[in-house]
Amino acid sequence: FGEGTLAPGLVADQWGRDPGGQGRGMASTACAPAASEFWFVGGGAIAGRQTRIVLVNPDDTSAVVDVLVHGPDGLIDAPAGRGLVIKGEDRLVVRLDVLAPGVTATAVKVLARTGRVGASVDDEQQAGLATVGTDWIPPAAAPATKVFIPGIVSGDGARVLSVMAPGGDDAVVNVRIIGPDGTFAPAERSKIDVSADSVVTIDMAPVLDKVPATLELTANVPIVAGLREFFGGRNVQ
């Protein structure tokens, strides 16, 4: 931790490498400050995929946390994610396939009723017997009517955009691509309709044309969004 004049300049990151097994690969994520609310967009709980929500309580007193899961059909009834007690200076790992088995795409809200927590989400996926990879899902920006998704890299493979409308109202999302040759609205994927409290996924690779880009999403109501990138043209879900 940083104190005094050192605190404003302190940053931290965690990374790991697994050379074999289902989690083969290298993954890293920034260590975000503890807070009372987080959004993560892009997890799943189908066969061959494992998403884990890691909750850490940095304080001396216990924290009570709800993990709320939204899927393609709206908020999922997952009582096992409500009222989770994390003791002081302890951690808890929650598996998404326990809360919402069989759900292909999710948006997860971590809400601390009392206290505060640090939250991260680890995602692993296989295609048959082959490991697709492992990575940490970064926290999504707070719900807003304009969301930017930067850092989309060039190359083959799916670029799966997930958008969720958390405010109880349907969302109409306009999509623009910011790329090396300027900004434009893709003809085939310029508009996405998202029902209230539900998650919509769409592969943006056909309109990104294998070039680096940023997505600009503008909606009539606040949304949260995330993007999963795959390399080598593997089949994904």
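Everything quoted here is computed from the prediction, not taken from an experiment.

A few words now on the overall build of the protein chain. Of the regular secondary structure elements, the protein chain holds 2 helices and 18 strands. Every one of the 237 residues in the protein chain was classed for burial, and the buried ones make up 42%. Long-range pairs, those at least 24 residues apart, make up 76% of the contacts in the protein chain with a sequence separation of at least 6. Element-wise, carbon and sulfur atoms account for 52% of the exposed surface of the protein chain, whose accessible area totals about 12,100 Å².

A few words on the pairing of strand 18 (residues 213-229). In terms of burial, strand 18 is a largely internal element, 13 of the 17 residues being buried. Both strand 12 (residues 144-152) and strand 18 contribute to a ladder of 6 bridges, which runs antiparallel. When the bridges of strand 18 are listed, Ile152 appears paired with Ala213. With 6 bridges connecting them, strand 13 (residues 159-164) and strand 18 associate as antiparallel partners.

Before going further, it helps to examine unusual backbone geometry. Positive phi outside glycine occurs at Asp209, with the angle close to 55°. Along the chain, Asp209 turns up in the loop between helix 2 (205-208) and strand 18. Although it is not a glycine, Lys210 adopts a positive phi angle of roughly 65°. With respect to the helices and strands, Lys210 occurs in the loop between helix 2 and strand 18.

So, about the nonpolar core. Membership of the largest hydrophobic core comes to 24 residues, with the highest contact counts inside it found for Ile53, Leu55, Val65, Val67 and Val110. Elements supplying a minimum of two residues to this core: strand 3 (37-41), strand 4 (49-56), strand 5 (63-71), strand 7 (84-86), helix 1 (96-99), strand 9 (107-114) and strand 10 (118-127). Core analysis: the next-biggest nonpolar cluster, separate from the first, contains 23 residues, Val147, Ile149, Ala165 and Val221 among them.

Cut-off values and rules
- Residues numbered from 1 in each chain as written.
- Predicted model: local features only at pLDDT ≥ 70, side-chain atom pairs only at ≥ 80, totals over all residues.
- Heavy atoms only, no water.
- Helix = DSSP H or I, 4+ residues; strand = E, 2+ residues; numbered from the N terminus.
- Buried < 20%, exposed > 50% of the residue type's maximum accessible area, 1.4 Å probe, protein only.
- Contact = heavy atoms within 4.5 Å.
- Areas by Shrake-Rupley, 256 points an atom, 1.4 Å probe, with all protein chains shown as cover.
- Pairing = 2+ DSSP bridges.
- Core = buried A, V, L, I, M, F, W, Y, C linked by side-chain atoms within 4.5 Å.

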